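Listed here are the chains, written in short residue letters.
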Amino acid sequence: MKRQLKRFDIVTMIKHVFYIFLSFLLFACSQGEDFSIEDVIKQRPRNKEALFDHVGLMDDARDATNRHLANIREQYGIEMLIVTLPSLGNRYTATSAAVEIFTNWKIGKDFDGRGLLFLLVDDEKEVKIEVSYDLEDVFTDAFTGRVQDLLLQTRFAADQLSIGLIAVIEAIEARAQVKYTGDYTPSTIAGLDLDFLSQGAGAGHRLTLRRPENGSRSIGARLPVNNDYPSGDTPDQAWQTMIRSWKEKVKDPYLGVYTAVTRLSYRDFANRPDASLEREYATYKSKPYTVRQDGEWAVIYFGRKTGWDNAPFLLCRTNAGWQFDIVHQRRFIRMGKSPHWGVEFSDYPHMKLLIDAFSFQGQDFPLSENDRYTIDRDGEIANRMLAVEERVDHDPDNPNQLLELGRLYTITAMSAKAIPILNKALRLDPDLILVRKYLAMAHVDAHYQYRTAKTHIDAYVDCVDDDPIGHNLSGYIRYRQKDDRGATKAFERALAIDPDNCYAHVYLTYTYARRYLDASAANPGKGAFLHRFDDHKEKALALASDHPIRIMWLKRWLEGN
């Protein structure tokens, strides 16, 4: 009886706790409907944080944004904060709220008065940037006004905030470098402002397809080609054509020296300012380089030196000749904290040419054959993309077409464009589970956003348990998060579906090695980790023909350990 009473008391207590918790949630939700910014304005809630998202606007790029903000703080001594609010109510304007927050939170106080605030208000899609006095000579009204009104607010209104904000933070970082070095005059800043203001509609402007007026022909009657800037007979000839296009300030995205998918990617940059092209030409016109070539693949290589302008350019030979390959360029060559750049590892053809410059950043996620971009499919994928874009233009709320367009953008390294499109498809049809897989891939590719990617891939594999690629991606994300138990489980599940899955064997080799090294001598499982390491290593090496470059790197890693 006492046990029954005791059990009854515990159950009753749990119920009471549950009802209290439920009441709290309901109260919190009701408070959200009548959101007041008074508590927000009063004082900064957490002093060491820089992103205060009261709306959830930054969920798609939270990790990447935090990294950028931390870099600006640590590298340049500028405290930059982002605050999002659902609304302002009747008492405040965006300007007055920004001033109050900036003052009460003492933004920049611990950084010699160098502070920046980005305030975003969701209901009116308003943006306000507040700048401390010490930064006004570099972060001028002309600069912040354009960032605020044209670059950020237009993206905000189009539900593409994460894309706009990451691009804006890069512009902020460029100004922060100027301020940090102190090597500038008022005329220098005026020139920078003029360059910045000349950027026209900005990088997000969607161009209508058009044929170049001169020297052009069309491929498949769909994609125009400007043959005034043709593909090269050699990699060096293609590189010199690219330099000439910068010298002549050519903004036409449909150059013959670009692959078909590269042309479609460059539509987003057709309005870049003349000053940008002038800088490209000035940087590369006389810069010493070597051509590294392996069959159909080539790299314009400036040496393993720091400085973003020393990052290599990737070329490939197609039926038309040697062309610039933006897909592998974007996915493979990564810009880290200035001035550092690195080469991602993956099973791409250029890897052999750049193995000595390898600097793993975390992009080696698995792909199915249908999702693998290859040069021989470049024209096919480009024409497919054009067709789906047209269908989406005519029927913008068709979730299946949005899924396909998001997939095509994801596999061609246009992941920042893919994320809002895939999010829209998911909102329109939450049961369209395949969207989750591509969102996971896009978040890894665009922002190294593993936490968000994990949420999406978990939802996918819960519904599609027989897809080894899904489990490989789940394992890879967990491996990158150093969740070795979770990674092991996911990769083993992938092998249960496909025992000859070389990718899973390779990453289980790495995972079990890490588990063995991390285990204490008293851990009874330490010997089992070593056994599993040896087992997966041998199976991976036996499947070398499936992933030759990945196995080549595995061998190098084994030799070094």
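Quick caveat: nothing in here was measured; it's all calculated off a predicted structure.

Regarding its fold elements, the chain presents 21 helices and 12 strands. In the chain, buried positions account for 51% of the 561 residues. Partitioning the contacts of the chain with sequence separation of at least 6, the portion at a separation of at least 24 is 63%. Counting only carbon and sulfur atoms, one obtains 51% of the accessible surface of the chain, whose full area is about 26,600 Å².

Its location among the elements puts Arg62 in helix H3 (residues 62-76). Taking the C-alpha atoms as reference points, Arg62 and Gln449, 387 residues apart in sequence, are found 7.5 Å from one another. In this view, Arg62 contacts Leu51, Asp53, Gln449 and Arg451; residues no more than four positions away in its chain are not counted.

Okay, the sheet that holds strand S1 (residues 51-53) next. Across the sheet, which stays open at both edges, the four strands sit in the order S1-S2-S3-S4 with mixed pairing between neighbours. On the outer flanks of this sheet lie S1 and strand S4 (126-131), each paired with one strand and no other. Direction aside, the axes of adjacent strands within the sheet are offset by 10 degrees on average. Judged from the three bridges that link them, S1 and strand S2 (residues 79-85) form a sheet pairing that is parallel. Following the sheet pairing, Leu51 is matched in S2 by Ile82. This element, helix H4 (residues 94-104), spans S2, strand S3 (115-121) and S4 of the sheet and lies at about 140 degrees to S3. With respect to the sheet, helix H5 (residues 141-157) is in contact with S3 and S4, its orientation differing from that of S4 by roughly 150 degrees.

So, about the nonpolar core. Counting residues in each nonpolar core, the largest one holds 107 residues, and the members touching the most others are Trp239 and Phe313. Tallying contributions element by element places helix H19 (residues 502-518) first for this core, with nine residues. Among residues more than four places away in sequence, those in contact with Phe313 are Trp239, Met242, Trp246, Tyr284, Ala298, Val299, Ile300, Phe302, Phe324 and Gln329. One finds Ile37, Ile41, Leu85 and Ala98 within the second-largest nonpolar core, a separate group that totals 53 residues.

What follows is about the pairing of strand S7 (residues 290-294). Note: S7 against strand S8 (residues 297-301), five bridges, orientation antiparallel. Paired with Arg292 across the strands is Val299, a residue of S8. As consecutive antiparallel partners, S7 and S8 are separated by two residues, and within that stretch Gly295 has a phi angle of approximately 65 degrees, a positive value.

With 14 residues, helix H18 (residues 484-497) extends 20 Å between its outermost C-alpha atoms, agreeing within 8% with the 20 Å of an ideal straight helix rising 1.5 Å per residue. Listed in full, the buried residues belonging to H18 are Asp484, Gly486, Ala487, Thr488, Ala490, Phe491, Ala494 and Leu495. Here the buried face of H18 lies against helix H17 (468-480), H19 and helix H20 (526-542).

Once that is clear, we can look at the environment of Arg67. Looking at the secondary structure, you find Arg67 in helix H3. For Arg67, a relative accessible area of 40% corresponds to the partly exposed category. Arg67 sits 380 residues away from His447 along the chain, and the two C-alpha atoms are 9.8 Å apart. In this structure, Arg67 is in contact with His447 and Tyr448, ignoring residues within four places of it in sequence.

Further remarks concern the confidence of the model for the chain. On average, residues of the chain score 83 in pLDDT, and 88% of them reach the 70 mark or higher. In this model, residues 1-33 is a region of pLDDT below 50 whose contacts with residues beyond four sequence positions or in other chains number zero contacts. Note that residues 200-221 has pLDDT below 50 and, in this model, 52 contacts with residues that lie over four places away or in other chains.

What follows concerns the pairing of S3. The element S3 is largely enclosed, with a buried count of seven among its seven residues. Both faces of S3 are covered, namely the face carrying Gly115, Leu117, Leu119 and Val121 and the face carrying Leu116, Phe118 and Leu120. Alignment of S2 against S3, held across seven bridges, turns out to be parallel. Residue pairing for S3: Leu81 is matched across the bridge by Leu117. Handedness of the crossover is the feature at issue here: the chain leaves S2, passes through H4, returns alongside S3, and the resulting connection is right-handed.

Between H18 and H19, the shortest axis-to-axis distance is 10 Å and the interhelical angle comes to 150 degrees. One element, H18, and the other, H19, form an angle in the roughly antiparallel class. H18 and H19 meet at a crossing whose hand is left-handed. Across the interface between the two elements, Asp484, Arg485, Ala487, Thr488, Phe491, Glu492, Ala494 and Leu495 from H18 touch Tyr503, Ala504, His505, Tyr507, Leu508, Thr511, Tyr512, Arg514, Arg515 and Asp518 from H19. Tallied by class, the residues present in the contact of H18 with H19 amount to nine nonpolar, three polar and six charged.

All right, on to the sheet that holds S8 then. Spatially, four strands are ordered S7-S8-S9-S10 in an open sheet, and the strand pairing comes out antiparallel. The strands lining the two open edges of the sheet, one partner per strand, are S7 and strand S10 (322-324). Neighbour-to-neighbour, the strand axes of this sheet turn through a mean angle of 25 degrees, independent of strand direction. Of the strands in this sheet, S7, S8, strand S9 (313-317) and S10 are in contact with helix H8 (residues 235-247), which crosses S9 at around 125 degrees.

In this model helix H15 (residues 434-447) runs 20 Å from its N-terminal to its C-terminal C-alpha over 14 residues, within 8% of the 20 Å that 1.5 Å per residue would give. Burial analysis of H15 places 11 of its 14 residues in the buried class, which makes it a mostly covered element. After H15 finishes, the residue Tyr448 shows a positive phi value of roughly 55 degrees.

The subject of this paragraph is the pattern of salt bridges. This structure, assessed with the given rule, holds 36 salt bridges. The shortest N-O distance in the salt bridge between Arg114 and Asp112 comes to 3.8 Å. The closest approach of N and O atoms between Asp483 and Arg478, which form a salt bridge, is 3.9 Å. Look at Arg478 and you get buried, because its relative accessible area is 12%. Here the salt bridges do not stand alone but share partners, grouping Asp371, Arg384, Glu404, Arg407 and Lys437 into one network.

Along the chain, Glu389 falls in helix H12 (residues 378-394). Judged by its relative accessible area of 4%, Glu389 is buried. Polar contacts involving the side chain of Glu389 include one to the side chain of Arg267, which spans 2.7 Å.

So, how was this worked out
- Residues numbered from 1 in each chain as written.
- Predicted model: local features only at pLDDT ≥ 70, side-chain atom pairs only at ≥ 80, totals over all residues.
- Heavy atoms only, no water.
- Helix = DSSP H or I, 4+ residues; strand = E, 2+ residues; numbered from the N terminus.
- Buried < 20%, exposed > 50% of the residue type's maximum accessible area, 1.4 Å probe, protein only.
- Contact = heavy atoms within 4.5 Å.
- Areas by Shrake-Rupley, 256 points an atom, 1.4 Å probe, with all protein chains shown as cover.
- Pairing = 2+ DSSP bridges.
- Axes fitted to C-alpha atoms, helices over the stretch in contact; angles between N-to-C directions.
- Core = buried A, V, L, I, M, F, W, Y, C linked by side-chain atoms within 4.5 Å.
- Expected span 1.5 Å × (residues − 1).
- pLDDT = per-residue confidence, 0-100.
- Right-handed = clockwise from strand over helix to strand, strands pointing away.
- Parallel < 35°, antiparallel > 145°, perpendicular 65-115°, else oblique.
- Left-handed = near helix turned anticlockwise from the far one by under 90°.
- Nonpolar A, V, L, I, M, F, W, Y, C, P; charged D, E, K, R; others polar.
- Salt bridge = Lys/Arg side-chain N within 4 Å of Asp/Glu carboxyl O.
- Polar contact = N/O pair within 3.5 Å; in protein donor to acceptor, adjacent residues only side chain to side chain.

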